[in-house]
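Residue-level listing of the chains:
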Amino acid sequence: MLKKRVIPKLLLKHVFLGNKIRPVIVTTRNFSGESMVGDPISQAKIFESQMADELLLLDIEAGSGRCVSTSIVESLADELFMPFTVGGGVSKLEDFRDLLKAGADKICICTAAIENPNLVTEAAEAFGRQCVVVNIDYRLNDEGKLEV
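Computed from a predicted structure; not experimentally measured.

A. Local environment of the sheet that holds strand β6 (residues 106-109). Read across the open sheet, the seven strands follow the order β3-β2-β1-β4-β5-β6-β7; overall the sheet is mixed. The open sheet is flanked by β3 (32-38) and β7 (132-134), the only strands paired with a single partner. Within this sheet the neighbouring strands show an average axis-to-axis angle of 35 degrees, counted without direction. Pairing analysis gives four bridges linking strand β1 (residues 9-17) to strand β4 (residues 55-59), with the strands arranged parallel.

B. Broad picture of the side chain of Asp 59. Within the secondary structure, Asp 59 is located in strand β4. There is a polar contact of 3.0 Å between the side chain of Asp 59 and the backbone nitrogen of Glu 61. Among the polar contacts made by the side chain of Asp 59, one reaches the side chain of Arg 66 at a distance of 3.3 Å.

C. Examining the packing of helix α1 (residues 40-49) against helix α2 (residues 70-79) more closely. Contact geometry of α1 with α2 gives a least axis separation of 10 Å together with a crossing angle of 35 degrees. Crossing angle aside, the handedness with which α1 passes α2 is right-handed. Side by side, α1 and α2 meet where Pro 40, Ile 41, Ala 44, Lys 45 and Glu 48 of the first sit next to Ser 75, Leu 76 and Glu 79 of the second. Grouping the constituent residues of the contact of α1 with α2 by class yields four nonpolar, one polar and three charged.

Thresholds, definitions, all that
- Residues numbered from 1 in each chain as written.
- Predicted model: local features only at pLDDT ≥ 70, side-chain atom pairs only at ≥ 80, totals over all residues.
- Heavy atoms only, no water.
- Pairing = 2+ DSSP bridges.
- Helix = DSSP H or I, 4+ residues; strand = E, 2+ residues; numbered from the N terminus.
- Axes fitted to C-alpha atoms, helices over the stretch in contact; angles between N-to-C directions.
- Polar contact = N/O pair within 3.5 Å; in protein donor to acceptor, adjacent residues only side chain to side chain.
- Left-handed = near helix turned anticlockwise from the far one by under 90°.
- Contact = heavy atoms within 4.5 Å.
- Nonpolar A, V, L, I, M, F, W, Y, C, P; charged D, E, K, R; others polar.

Written as structure tokens, this is what we have:
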């Protein structure tokens, strides 16, 4: 029998707290109505202490040439012992290389997989298929049809 795995997803966003921009974890309902949950490192450590099998961290603001911050990935790698996947704005092989070097175990892509399907194959050949994850976000549109 296959073992069920627990893989929590943390949505990362940068907000002004005091006079500094800080990364925070948010929760959404149907991709809107964000509520702040807490610090990315402390939230990740909570899931690790609850025996999660793996962690998925997605920077929901990344994109348009900006990739998820390697400094956040390095901080997670220093604090966690469980494997973790990061994503957000990853659009080229250099992004994969930088994030894996910073300590991520897997890299998640979404929009880039649609815009450049060859990126999945190129990344799998360059870094191994075990570290390439494709995320597909979808919702029902006004006509009741599924929309990516």
